[in-house]
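For reference, the chains in residue letters:
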Amino acid sequence: MERVVSKEEVRQAVLAARREGKRIALIPTMGALHEGHLSLVRAACERADYVAVSIFVNPTQFGPGEDFEAYPRDLEHDMQLLKAEGADLLFTPTTASMYAADAQVEVIPGPLGELWEGAIRPGHFGGVCTVVSKLLNIVQPDLAFFGEKDFQQLTIIKRMVCDLDAAVRVVPCPIIREPDGLALSSRNAYLSPEERRAATALYRALRTAETLALGGERDIALLTDAMRACIAEEPLATLDYAAVVDLATLTEPATLDSPARAIVAVRLGNTRLIDNMQLTTGV
Ligand code: AMP
């Protein structure tokens, strides 16, 4: 695996691969890699001939007072994992090279970026869209892999690629979980042992909604209340939101007539966790 820092090196490496007729994949990450990230790398290795991974803790998607400084970073370990998976290129740009001091133009996601995570983290999805567009422009992949773990992010990126005619296919990948259901996240490392135990409340809430939906429950308010009740049972957890949303618009339908997504965000101490699950009506 080749590790490069400059945009020019990326372009040369990708150009050489493309000249050999290879299909190029990109997996954007912020590092502190775990099995969730590695599942994206594996999916990319299956579908592409040249797999590029970026590791960049993007400052513009963190708000004031968020965990940008504290965000876990372990490049040596990340490189070992990526080598073992057979990734071809690791791009680790510097902040200065990604954001010129005189840069002015940003990608603004529109209404999808104002909902849920966007309401709690103003500007977050603008930062995500801008950095993802830049990475797509730098690498120019045929395929870009994103996890359903960040369902709102995935939905916004699909919208962005469509609305801005980006020449890339977005490939969604399923959520990888711990045996007790907790979705893998770099932020799980912040949890104390007690918070780690309490964190299973998110999965319980989602499974409760899933079971009700499969049993024929179509009342969104009832499904949402059931999720909230699961979180309320956990004294260490504070609910930010629990909702059932339309897959494309991320707004709340009145009834579950077609597949929708249950989404949940919870605070445990200083750590925010998000998770989601597909809901389909069983009847
Ligand atoms: P991050 O490093 O948190 O920006 O995540 C990079 C990519 O990995 C994003 O597309 C995430 O949605 C994806 N990802 C993170 N955690 C998981 C997980 N548990 N399962 C699947 N994909 C994940």
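Residues numbered from 1 in each chain as written. Predicted model: local features only at pLDDT ≥ 70, side-chain atom pairs only at ≥ 80, totals over all residues. Heavy atoms only, no water.

Undergrad: Explain the site of the ligand here, please?
TA: Every one of the 16 residues lining the ligand counts as a neighbour, but H37, G147, D150, I176 and L184 are closest to it. One of the backbone N or O atoms of M30 is found 2.9 Å from an oxygen atom in the ligand. A distance of 2.9 Å separates a nitrogen atom of the ligand from a polar atom in the backbone of I176. Protein coverage of the free-state accessible area of the ligand, which is 490 Å², stands at 92%. Where the shell around the ligand is concerned, the elements lending two or more residues are β2 (24-29), α2 (35-47) and β5 (143-147). The element that contributes the greatest number of residues to the shell around the ligand is α2, accounting for three residues. Of the residues assigned to the shell around the ligand, the class counts are nine nonpolar, five polar and two charged. (Near = heavy atom within 4 Å. Polar contact = N/O pair within 3.5 Å; in protein donor to acceptor, adjacent residues only side chain to side chain. Areas by Shrake-Rupley, 256 points an atom, 1.4 Å probe, with all protein chains shown as cover. Helix = DSSP H or I, 4+ residues; strand = E, 2+ residues; numbered from the N terminus. Nonpolar A, V, L, I, M, F, W, Y, C, P; charged D, E, K, R; others polar.)

Undergrad: Looking at this model, I keep getting lost on the pattern of salt bridges. Mind explaining?
TA: Two side chains carrying opposite charge are able to pair once their charged atoms lie near each other. If you walk through the whole model with that rule in mind, you get 17 salt bridges. For D257, the salt bridge identified is with R218, shortest N-O distance 3.6 Å. In this pair, D257 sits in the loop between β7 (237-246) and β8 (260-268) while R218 sits in the loop between α9 (200-214) and α10 (220-232), placing the two residues 39 residues apart along the sequence. Residue D257 is classed as exposed on the basis of its relative accessible area, which comes to 56%. Overall, the relative accessible area of 32% leaves R218 in the partly exposed class. A network of salt bridges, in which partner residues are shared, links E117, D240, R267 and R272. (Salt bridge = Lys/Arg side-chain N within 4 Å of Asp/Glu carboxyl O. Buried < 20%, exposed > 50% of the residue type's maximum accessible area, 1.4 Å probe, protein only.)

Undergrad: Explain the packing of aromatic side chains to me, please; I cannot follow it from the model alone.
TA: The relative placement of two aromatic rings is captured by the distance of their centres and the angle of their planes. Taken as a whole, this structure holds four aromatic pairs when the rule is applied. Centre to centre, the rings of F62 and Y71 are 5.9 Å apart; their planes meet at 75 degrees, and the pair counts as edge-to-face. Across the pair, Y71 and F62 agree in class, each one buried. Here the aromatic rings of W116 and Y241 are separated by 5.4 Å at their centres, their planes lie at 50 degrees, and the arrangement is tilted. Of this pair, W116 sits in the loop between α4 (95-98) and α5 (117-120) while Y241 is found in strand β7, placing the two residues 125 residues apart along the sequence. By relative accessible area, which is 9% here, Y241 ends up buried. Aromatic ring contacts, followed pair by pair, group F62, F68 and Y71 into a single cluster. Between the NZ or CZ atom of R73 and the centre of the ring of F68, over which it lies, the distance is 5.1 Å. (Phe/Tyr/Trp six-rings, centres within 6.5 Å; stacked < 30°, edge-to-face > 60°. Lys NZ or Arg CZ within 6 Å of the ring centre and 35° of its normal.)

Undergrad: Any chance you could explain the domain arrangement of the protein chain here in plain terms?
TA: How big an interface is tends to be reported as the loss of accessible area on association of its parts. The domains assigned to the protein chain are domain 1 (2-173) and domain 2 (186-278). Relative placement of domain 1 and domain 2: their C-alpha centres are 26 Å apart. At the interface, 21 residues of domain 1 touch 19 residues of domain 2. Regarding the contact of domain 1 and domain 2, the summed buried area is about 1,700 Å², with carbon and sulfur atoms giving 58% of it. The largest contributions to the domain 1 side of the interface with domain 2 come from W116, E117 and F151, which together make up 39% of the buried area. The shortest N-O distance in the salt bridge between R261 and E148 comes to 3.5 Å. Across the domain 1-domain 2 interface, the total number found is 11 residue pairs in polar contact (both at pLDDT 80 or more). Where the side of domain 1 that touches domain 2 is concerned, the elements lending two or more residues are α5 and α7 (151-163). In terms of residue count, α7 provides more of the side of domain 1 that touches domain 2 than any other element does, three residues in total. (Domains from an automatic or database assignment. Contact = heavy atoms within 4.5 Å. Buried area = accessible area lost by both parts, 1.4 Å probe.)

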